[in-house]
Amino acid sequence: MAEHPFAPAAAMELIAAQERRTRTSFDGHLDQVLAAWGVAWLFGLGALWFQVRGQSPYAGPQGWAPIVFASLLAAAASLTAWRTVQTTRGVGGDSGYRGMLYGYGWLLGFAAYFGIMGALAGAGASPAVLGVFGVVGPLLVTGLQYLVGAAILGARPMAALGGWLIVLAASIGFAGPVTALVLGAVLGGGGFLA
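Not measured: the values here are computed from a predicted model.

1. Some thoughts on the packing of helix α6 (residues 156-172) against helix α7 (residues 177-193)
Angle between the axes and distance between the axes: these two values describe a pair of packed helices. Orientation of α6 relative to α7, taken along the N-to-C sense of each, is 175°, at an axis distance of 10 Å. The orientation of α6 with respect to α7, classified from their angle, is roughly antiparallel. Here Leu161, Trp164, Leu165, Leu168 and Ile172 of α6 lie close against α7, whose contacting residues are Ala180, Leu183, Gly184, Leu187, Gly188, Gly191 and Phe192. Residue composition of the contact of α6 with α7, by class: nine nonpolar, three polar and no charged.

What follows is the structure, given as structure tokens:
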């Protein structure tokens, strides 16, 4: 019987090389995605802050600023979806299922956020309460999703960003709605850009 010419060390190196190529192909242009979200949070929340910075009492943003923020979020979401589809095309099995659940987590998380906002408004919450939750709610949903994504992908920087956003969500609301907007813009958007 002839000895197989493929040594175990060579097989391990082949597996490691393929794993590196696979990880590189699945990075999904994460730098572009994070930059898009960083810009959306920085300039979107910044536009909201710019509009409400002198309000006393706080009445909330009106007109152009929410449209700017919504447009920036839509652009970042579109880029993310496009890059995700490119990256995961052809992925099936357990990995595809985990990815699908992760994607639905974003949808359900933000649907719950908007549902809670509606319930608070319907219960007569003040503009200040709605303003605080309007900033910290998305930070919390995003932070939790990043932690879940880090657990799925084993991405430590993603875990750090998720943890940072959760800490930010838990703390900036105490500053009130106007200051929470500027802190969310600088520290939240800056977290993505960092």
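2. Thoughts on the nonpolar core
Counting 31 residues, the largest nonpolar core has Leu45, Leu139, Ile172, Leu181 and Phe192 as its most contacted members. Looking at this core, the elements that each hand over two or more residues are α2 (30-52), α3 (64-88), α5 (127-153), α6 and α7. Aside from chain neighbours lying at most four places away, what touches Leu45 is Ala40, Phe69, Leu181, Gly184 and Ala185.

3. Description of α6
The terminal C-alpha atoms of α6, which comprises 17 residues, lie 24 Å apart, in line with the 24 Å expected from a rise of 1.5 Å per residue. For α6, every residue scored as buried is listed here: Met158, Leu161, Gly162, Leu165, Leu168, Ala169 and Ile172. Down the axis, α6 shows its buried residues gathered within 125° of arc, on one side only. In α6, the exposed residues that point more than 90 degrees away from the buried face are Arg156, Ala160, Val167 and Ala170. As for α6, its buried residues are in contact with α2, α4 (93-122), α5 and α7.

4. Quick notes on the confidence of the model for the protein chain
Looking at the protein chain, the pLDDT average stands at 86 and 89% of residues meet or exceed 70. Highest mean pLDDT in the protein chain belongs to α7 (95); lowest belongs to helix α1 (residues 8-25) (68).

5. Thoughts on unusual backbone geometry
At the junction of Ser56 and Pro57, the peptide bond is cis and its omega measures out at 5° in the coordinates. Mapped onto the elements, Pro57 comes out in the loop between α2 and α3.

6. Describing the side chain of Gln145
The topology assignment puts Gln145 in helix α5. Accessibility expressed as a relative area gives 10% for Gln145, which makes it buried. Aside from chain neighbours lying at most four places away, what touches Gln145 is Tyr102, Gly105 and Trp106.

7. Let's talk about the packing of aromatic side chains
With the rule as written, the count across this model stands at eight aromatic pairs. Taking the centre distance of 5.9 Å and the plane angle of 90° together, the rings of Trp106 and Tyr146 count as edge-to-face. Residue Trp106 is located in helix α4, and its partner Tyr146 is located in helix α5; the two are separated by 40 residues in the primary sequence. What makes Tyr146 buried here is its relative accessible area of 7%. Consider the rings of Tyr146 and Phe192, whose centres lie 5.7 Å apart with planes at 85°: the pair is edge-to-face. Pair noted here: Tyr146 is in helix α5 and Phe192 is in helix α7, with a separation of 46 residues, a long-range link. You'll find Tyr146 and Phe192 in the same group, each marked buried. Through successive ring pairs, a cluster of aromatic residues spans Trp41, Tyr102, Trp106, Phe110, Tyr113, Phe114, Phe133, Tyr146 and Phe192. Arg53 extends its terminal NZ or CZ atom over the ring of Phe50, reaching a point 4.0 Å from the ring centre.

8. Notes on the packing of α4 against α5
Here α4 crosses α5 at 165°, and the two axes come no closer than 10 Å. When the axes of α4 and α5 are compared, the pair comes out roughly antiparallel. As for the relative orientation of α4 and α5, their crossing is right-handed in sense. Residues Arg98, Tyr102, Gly105, Trp106, Gly109, Phe110, Tyr113, Ile116, Met117, Leu120 and Ala121 of α4 pack against Leu130, Phe133, Gly134, Gly137, Pro138, Val141, Thr142, Gln145, Tyr146, Val148, Gly149 and Ile152 of α5. Its residues assigned to classes, the contact of α4 with α5 comprises 15 nonpolar, seven polar and one charged.

Parameters and conventions
Residues numbered from 1 in each chain as written. Predicted model: local features only at pLDDT ≥ 70, side-chain atom pairs only at ≥ 80, totals over all residues. Heavy atoms only, no water. Axes fitted to C-alpha atoms, helices over the stretch in contact; angles between N-to-C directions. Helix = DSSP H or I, 4+ residues; strand = E, 2+ residues; numbered from the N terminus. Parallel < 35°, antiparallel > 145°, perpendicular 65-115°, else oblique. Contact = heavy atoms within 4.5 Å. Nonpolar A, V, L, I, M, F, W, Y, C, P; charged D, E, K, R; others polar. Core = buried A, V, L, I, M, F, W, Y, C linked by side-chain atoms within 4.5 Å. Buried < 20%, exposed > 50% of the residue type's maximum accessible area, 1.4 Å probe, protein only. Expected span 1.5 Å × (residues − 1). Arc of directions from axis to C-beta. pLDDT = per-residue confidence, 0-100. Phe/Tyr/Trp six-rings, centres within 6.5 Å; stacked < 30°, edge-to-face > 60°. Lys NZ or Arg CZ within 6 Å of the ring centre and 35° of its normal. Left-handed = near helix turned anticlockwise from the far one by under 90°.

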